[in-house]
Amino acid sequence: AELGRKVRNAVAEHVILGDGQPCLIAIPTAATAIAVAASLCSVEHHTCAISVPFCDEHHHTRYPLLARVMREGRKEHGANRGWVNGKPSPNHTYWLFDNVVTEGGSIFDALSKLDQDGYQTANMPILVVVDRERGGFNTLRAQGFERLYSCYKLRDIVFALVEHRLWPRDYLKILKNELQLPVTV
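In this text the structure is predicted, and so the values were computed from the model without any measurement.

Parameters and conventions
- Residues numbered from 1 in each chain as written.
- Predicted model: local features only at pLDDT ≥ 70, side-chain atom pairs only at ≥ 80, totals over all residues.
- Heavy atoms only, no water.
- Pairing = 2+ DSSP bridges.
- Helix = DSSP H or I, 4+ residues; strand = E, 2+ residues; numbered from the N terminus.
- Axes fitted to C-alpha atoms, helices over the stretch in contact; angles between N-to-C directions.
- Contact = heavy atoms within 4.5 Å.
- Core = buried A, V, L, I, M, F, W, Y, C linked by side-chain atoms within 4.5 Å.
- Buried < 20%, exposed > 50% of the residue type's maximum accessible area, 1.4 Å probe, protein only.
- Arc of directions from axis to C-beta.
- Salt bridge = Lys/Arg side-chain N within 4 Å of Asp/Glu carboxyl O.
- Parallel < 35°, antiparallel > 145°, perpendicular 65-115°, else oblique.
- Phe/Tyr/Trp six-rings, centres within 6.5 Å; stacked < 30°, edge-to-face > 60°.
- Polar contact = N/O pair within 3.5 Å; in protein donor to acceptor, adjacent residues only side chain to side chain.

**What about the sheet that holds strand E6 (residues 92–101)?**
No. 1: Ordered by their spatial adjacency, six strands build an open sheet running E5-E4-E1-E6-E7-E8, and the pairing between neighbours is mixed. On the outer flanks of this sheet lie strand E5 (82–84) and strand E8 (148–153), each paired with one strand and no other. This sheet shows a mean twist of 30 degrees between the axes of neighbouring strands, independent of strand direction.
No. 2: Sitting on the sheet, helix H2 (residues 30–43) touches strand E1 (21–26), strand E4 (66–75), E6 and strand E7 (126–131), and the angle it makes with E6 is about 130 degrees.

**So, the nonpolar core**
No. 1: Counting 21 residues, the largest nonpolar core has Leu-96, Ile-107, Leu-111, Leu-114, Ile-126 and Leu-140 as its most contacted members.
No. 2: Those elements that place two or more of their residues in this core are E1, E5, E6, helix H3 (105–116), E7 and helix H4 (136–142).
No. 3: Excluding anything up to four places from it in sequence, Leu-96 contacts Ile-25, Ile-27, Ile-107, Ala-110, Leu-111, Leu-114, Met-124, Pro-125, Ile-126 and Leu-127.
No. 4: Ranked by size, the runner-up nonpolar core spans 18 residues in total, among them Ala-10, Val-15, Ala-31 and Ile-34.

**Considerations on helix H6 (residues 170–179)**
No. 1: For H6, the set of buried residues is Leu-172, Leu-175 and Leu-179. Looking down the long axis of H6, one finds its buried residues gathered within 60 degrees of arc, a one-sided arrangement.
No. 2: For H6, the secondary structure elements touched by its buried residues are helix H5 (154–163).

**Thoughts on the pattern of salt bridges**
No. 1: Per the stated rule, a full pass over the model turns up seven salt bridges.
No. 2: Asp-131 serves as the salt-bridge partner of Lys-153, at 3.7 Å between the closest nitrogen and oxygen. Of this pair, Lys-153 sits in strand E8 while Asp-131 sits in strand E7, and the two are 22 residues apart along the sequence.
No. 3: Among the residues examined, Lys-153 registers a relative accessible area of 31% and is labelled partly exposed.
No. 4: Overall, Asp-131 belongs to the buried group, its relative accessible area being 6%.
No. 5: Where Glu-133 meets Arg-155, a salt bridge forms, and the shortest distance between an N and an O atom there is 2.4 Å.

**Re the packing of helix H1 (residues 2–14) against H2**
No. 1: The interhelical angle for the contact between H1 and H2, taken along N-to-C directions, is 80 degrees, at an axis separation of 8 Å. It follows from the interaxial angle that H1 and H2 lie roughly perpendicular. For the pair formed by H1 and H2, the contact residues are Leu-3, Gly-4, Arg-5, Val-7 and Arg-8 on the first element and Ile-34, Ala-37, Ala-38, Cys-41 and Ser-42 on the second.

**Notes on the packing of aromatic side chains**
No. 1: Tallied over the full model, the rule gives three aromatic pairs.
No. 2: Between the aromatic rings of Tyr-94 and Tyr-119, the centroid separation amounts to 4.9 Å while the plane-to-plane angle is 85 degrees, which identifies the pairing as edge-to-face. In this pair, Tyr-94 is assigned in strand E6 and Tyr-119 in the loop between H3 and E7, connecting sequence segments 25 residues apart. The residues Tyr-94 and Tyr-119 share a single accessibility class, namely buried.
No. 3: Ring centres of Trp-95 and Tyr-149 lie 5.6 Å apart, and the angle between their planes is 35 degrees; on these two criteria the pair is classed as tilted.

**Some thoughts on the side chain of His-92**
No. 1: Of note, His-92 is situated in strand E6.
No. 2: Within polar-contact distance, the side chain of His-92 engages the side chain of Tyr-94 at 3.0 Å.
No. 3: For His-92, the residues in contact, after removing those within four places along its chain, are Gly-20, Gln-21, Leu-66 and Arg-68.

**As for unusual backbone geometry**
No. 1: The residue after Pro-28, namely Thr-29, is reached through a cis peptide bond having omega 0 degrees.
No. 2: Along the polypeptide, Thr-29 turns up in the loop between E1 and H2.
No. 3: At Glu-133, a position not held by glycine, the phi torsion is positive, near 60 degrees.
No. 4: Here Glu-133 is to be found in the loop between E7 and H4.
No. 5: Using a relative accessible area of 16% as the deciding quantity, one classes Glu-133 as buried.
No. 6: For Arg-165, which is not glycine, the phi torsion reads 60 degrees and is therefore positive.
No. 7: Tracing the sequence through the fold places Arg-165 in the loop between H5 and H6.

Spelled out as structure tokens, the structure:
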């Protein structure tokens, strides 16, 4: 539930004027459960009363965060053929969502699948739970994507675990070497 709220809040924080109702499209499989949790959390009335803001040309209203499922394999039969369970709607702003980004390969693969299904992917917002800081967002930026968001960065997770004495301080040195970051040890 906490991770669902974190994702829901990240979307709410980055919705911009002119966006349609936000809808996460989760890259299978780990991100799927998290996206569904975020969507369910946004419609709970008692523990998660904040819904994601949505503006239209008439007034400011509130709608819940939606989630769609991307399949691991393209469906070639039935009503919802394709990679995603549903056709694109002009009333939605679709957010590509993954649990982690490293170099960006799975995101580029998912964007290609969304293109095949008719989704507008040019500067589609992209949200990940963890940015491993291995160049994925830089590569996406170089391809023209500007709306790139993460709930956490790898360095923040490692710092928190070390600070709370759950991991040894040596892990900061490992992080510094792996990411080539200026890390104070």
